[in-house]
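What the coordinates show
Residue-level listing of the chains:
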Amino acid sequence: MQTIKVKSNRREEMIEITSEVEKHLRETKAAEGVCILFTQHTTCGLTINENADPDVRKDILLFLKNLIPQYYEGFRHFEHNSDAHIKSSLVGSSLTVPFTDGKLFLGRWQGIYLCEFDGARERKVLMILR
Ligand code: ZN
């Protein structure tokens, strides 16, 4: 198991970690299998989405922000980050990506993202190969 550290700079942000994952994958010299990525945090998530037009990331964050506002009448959680907890559950905390010939088997336009919903802070992504 390897750990990838990801530093966020804003409260909400999608940070591409594809090259970091591939770097760790190369270091293991594993040829073929599945790469499991998992984050132990409750206010960020992992997703795969378009890596070409950065506006896609902006639109995803904008839509989630409008759907789930930080301050919503009736939210009770004392940290005032219930929106981040909900977004984390919607996005999910793990991914499974096949790899072959030591390379992630992603589509041409796919990138792996850590979705920060309550930054800025340092996050950890666990990487397990099988
Ligand atoms: Zn909280």
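The paragraphs below set out a description of the structure included in this document. (Residues numbered from 1 in each chain as written. Predicted model: local features only at pLDDT ≥ 70, side-chain atom pairs only at ≥ 80, totals over all residues. Heavy atoms only, no water.)

Side note on the pattern of salt bridges
The tally for this structure, following the rule as stated, stands at ten salt bridges. Across the pair aspartate 55 and lysine 58 runs a salt bridge, and its minimum N-O distance is 3.8 Å. Of this pair, aspartate 55 and lysine 58 both sit in helix α2 (residues 54-67), three residues apart, which is roughly one turn of that helix. On the basis of relative accessibility, which here comes to 54%, the residue lysine 58 falls in the exposed class. The network of salt bridges with shared partners includes Arg11, Glu12, Asp83, Lys87, Asp118 and Arg121. (Salt bridge = Lys/Arg side-chain N within 4 Å of Asp/Glu carboxyl O. Helix = DSSP H or I, 4+ residues; strand = E, 2+ residues; numbered from the N terminus. Buried < 20%, exposed > 50% of the residue type's maximum accessible area, 1.4 Å probe, protein only.)

Describing a nonpolar patch on the surface
A cluster of nonpolar side chains, contributed by Phe63, Leu67, Tyr72, Phe75, Ile86 and Leu90, occupies part of the molecular surface with about 620 Å² of accessible area. Listed by contribution, the elements that provide at least two residues to the nonpolar patch are α2 and α3 (82-91). Mapped onto the elements, phenylalanine 63 comes out in helix α2. (Patch = residues over 30% accessible without salt bridge, like charges linked within 9 Å, V, L, I, M, F, W, Y side chains within 5 Å. Areas by Shrake-Rupley, 256 points an atom, 1.4 Å probe, with all protein chains shown as cover.)

Overview of the state of the cysteines
According to the stated counting rule, one finds zero disulfides in the structure shown. Sulfur of cysteine 35: no disulfide; nearest cysteine sulfur belongs to cysteine 44 and is 16 Å away. Here cysteine 115 stays unpaired: no disulfide links it, and the sulfur of cysteine 44, its closest cysteine neighbor, is 8.3 Å away. (Disulfide = S-S within 2.5 Å.)

Describing the sheet that holds strand β1 (residues 2-7)
Pairing is antiparallel in the open sheet, where five strands are placed in the order β1-β8-β3-β5-β6. Two strands close off the open sheet at either side, each with one partner strand: β1 and β6 (103-104). Pairing analysis gives six bridges linking strand β3 (residues 33-38) to strand β5 (residues 94-100), with the strands arranged antiparallel. If you follow valine 34 over to β5, its bridge partner there is proline 98. (Pairing = 2+ DSSP bridges.)

A closer look at the nonpolar core
Formed by 18 residues in total, the largest nonpolar core has its most connected members in Val21, Leu37, Leu104, Ile112 and Val125. Those elements giving two or more residues to this core turn out to be β1, α1 (18-28), β3, β4 (44-50), β5, β7 (110-116) and β8 (122-129). Once residues within four sequence positions are removed from consideration, leucine 37 is found in contact with Val21, Leu46, Ser93, Ser94, Leu95, Ile112, Val125, Leu126 and Met127. (Core = buried A, V, L, I, M, F, W, Y, C linked by side-chain atoms within 4.5 Å. Contact = heavy atoms within 4.5 Å.)

What about the coordination of the zinc ion?
Within the protein, the zinc ion binds to His77 (NE2), Glu79 (OE), Asn81 (OD1) and His85 (NE2); these donor distances fall in the range 1.9 to 2.3 Å. Here the zinc ion is ringed by four donor atoms whose angles at the metal span 88 to 149°, and the overall shape comes out irregular. One chain supplies every donor to the zinc ion, and in sequence these donors are spaced H-x1-E-x1-N-x3-H. (Donors = N, O, S within 2.8 Å, 3.2 Å for Na, K, Ca; no water. Tetrahedral: all angles 85-135°; square planar, octahedral: opposite > 155°, others 65-115°.)

Everything listed is a geometric property; what it means functionally is a separate question.
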